[in-house]
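The lines below spell out each chain.
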Amino acid sequence: MSIEHLFDYHPYRGGNNPNHTGASAQLLKFKNGDPQAVQFFTDHVATKLRATIPSSTGFSVATVPSSTAGKAHKGFGPLIRLLKGSFPEIRNSGNLLQRISSIPSLHKGGNRAASVHQSSLVAANSIVSGEIVVLLDDVTTTGNSLQVAERLLQQAGANVVLTLALCKTV
């Protein structure tokens, strides 16, 4: 499995990180659903999708859920709605992955072990065997949540063709 990312992420660290500019600053706005940040990342994800998925090939989009069970990232709903406008081939963008139990927030020092994600994530029953899936996450540090999510999708029958984080912590 190969995890790709669009940008490097320099954490905010209470405003004490001079490298927290550009995409890093946009990521925090994205997490809050800021329309400009959503558009920024949508444009870059769309470019990556065009380079990865053959034209007119149907596919689904899955996102790694928030650390809080039942909570969605505020930026991914609008991002996926915008993608659907450019990619009518998107078949399913519902909750292909669900967090069934909350875990401590990773950016606040939560346990990043794969086992934490393995025990708190499940793949939806709606996945069709052989379904082409693009897996998205907002930020990756160790890659464990994306690895577990990809494995769960594959075990449910999905063909994950792209595992992409908007940003990767440096």
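Predicted model only: the values in this text are computed from it and were never measured.

What is the right way to look at the pattern of salt bridges in this model?
By the definition in use, this model includes two salt bridges. Measuring nitrogen to oxygen at the nearest pair gives 2.7 Å for the salt bridge that ties Asp 138 to Lys 31. Remark: Lys 31 occurs in helix α1 (residues 22–31) and Asp 138 occurs in strand β5 (residues 132–140); sequence separation between them is 107 residues. By relative accessible area, Asp 138 is classed as buried at 3%.

Can you walk me through the sheet that holds strand β2 (residues 60–63) in this structure?
Whenever strands of a sheet pair, they do so through backbone hydrogen bonds, lying parallel or antiparallel. In space, the four strands of this open sheet follow the order β1-β6-β5-β2, with parallel pairing throughout. Bordering the open sheet on either side are β1 (3–9) and β2, each of which pairs with just one other strand. Direction aside, neighbouring strands of the sheet carry axes that sit 20 degrees apart on average. Examined bridge by bridge, β2 and β5 share four bridges and lie parallel to one another. Among the inter-strand pairings, Thr 63 is bridged to a residue of β5, identified as Leu 136. Against the sheet, helix α2 (residues 35–52) contacts β1, β5 and β6 (159–169), and its axis sits at roughly 145 degrees relative to β6.

Looking at this structure, how should I read the packing of α1 against α2?
For the pair α1 and α2, the least separation of the axes is 8 Å and the interaxial angle reads 120 degrees. The pairing of α1 with α2 is recorded here as oblique in orientation. In the packing of α1 onto α2, the handedness of the crossing is left-handed. Of the residues in α2, those in contact with Ala 23, Gln 26, Leu 27, Lys 29 and Phe 30 of α1 are Gln 36, Ala 37, Val 38, Phe 40 and Phe 41.

Sorry if this is basic, but what is going on with the pairing of β5 here?
Both faces of the sheet carry side chains from a regular strand, because those side chains alternate between them. Of all nine residues that make up β5, seven are buried, and the element is covered over most of its length. Relative to β6, β5 runs parallel, the two being bridged by eight bridges. For Thr 140, the partnering residue across the bridge sits in β6 and is Lys 168. Since β5 and β6 lie parallel, the crossover through helix α5 (residues 144–155) that links them has a hand, and here it is right-handed.

Explain the packing of aromatic side chains to me, please; I cannot follow it from the model alone.
As enumerated under the stated definition, the model contains six aromatic pairs in all. An angle of 80 degrees between the planes, with centres 5.2 Å apart, marks the rings of Phe 30 and Phe 76 as edge-to-face. Pair noted here: Phe 30 is in helix α1 and Phe 76 is in helix α3 (residues 76–86), with a separation of 46 residues, a long-range link. Take Phe 76: its relative accessible area is 3%, and that puts it in the buried class. Pairing Phe 59 with Phe 87 gives two aromatic rings, centres 6.1 Å apart and planes at 75 degrees, and the pair type is edge-to-face. Taken together, the residues span a long stretch of sequence, with Phe 59 in the loop between α2 and β2 and Phe 87 in the loop between α3 and β3 (97–99) at a distance of 28 residues.

What is the right way to read α1 from this model?
Residues of α1 that are buried: Ala 23, Ser 24, Gln 26, Leu 27 and Phe 30. Each buried residue of α1 sits inside an arc of 160 degrees when the element is viewed along its axis, so together they form one side. Contacts made by the buried residues of α1 are with β1, α2, α3, β5 and β6. Directly beyond the C-terminal end of α1, a positive phi value near 80 degrees is found at Gly 33.

How each quantity is defined
Residues numbered from 1 in each chain as written. Predicted model: local features only at pLDDT ≥ 70, side-chain atom pairs only at ≥ 80, totals over all residues. Heavy atoms only, no water. Salt bridge = Lys/Arg side-chain N within 4 Å of Asp/Glu carboxyl O. Helix = DSSP H or I, 4+ residues; strand = E, 2+ residues; numbered from the N terminus. Buried < 20%, exposed > 50% of the residue type's maximum accessible area, 1.4 Å probe, protein only. Pairing = 2+ DSSP bridges. Axes fitted to C-alpha atoms, helices over the stretch in contact; angles between N-to-C directions. Contact = heavy atoms within 4.5 Å. Parallel < 35°, antiparallel > 145°, perpendicular 65-115°, else oblique. Left-handed = near helix turned anticlockwise from the far one by under 90°. Right-handed = clockwise from strand over helix to strand, strands pointing away. Phe/Tyr/Trp six-rings, centres within 6.5 Å; stacked < 30°, edge-to-face > 60°. Arc of directions from axis to C-beta.

Spatial relationships are all this shows, so hold off on functional conclusions.
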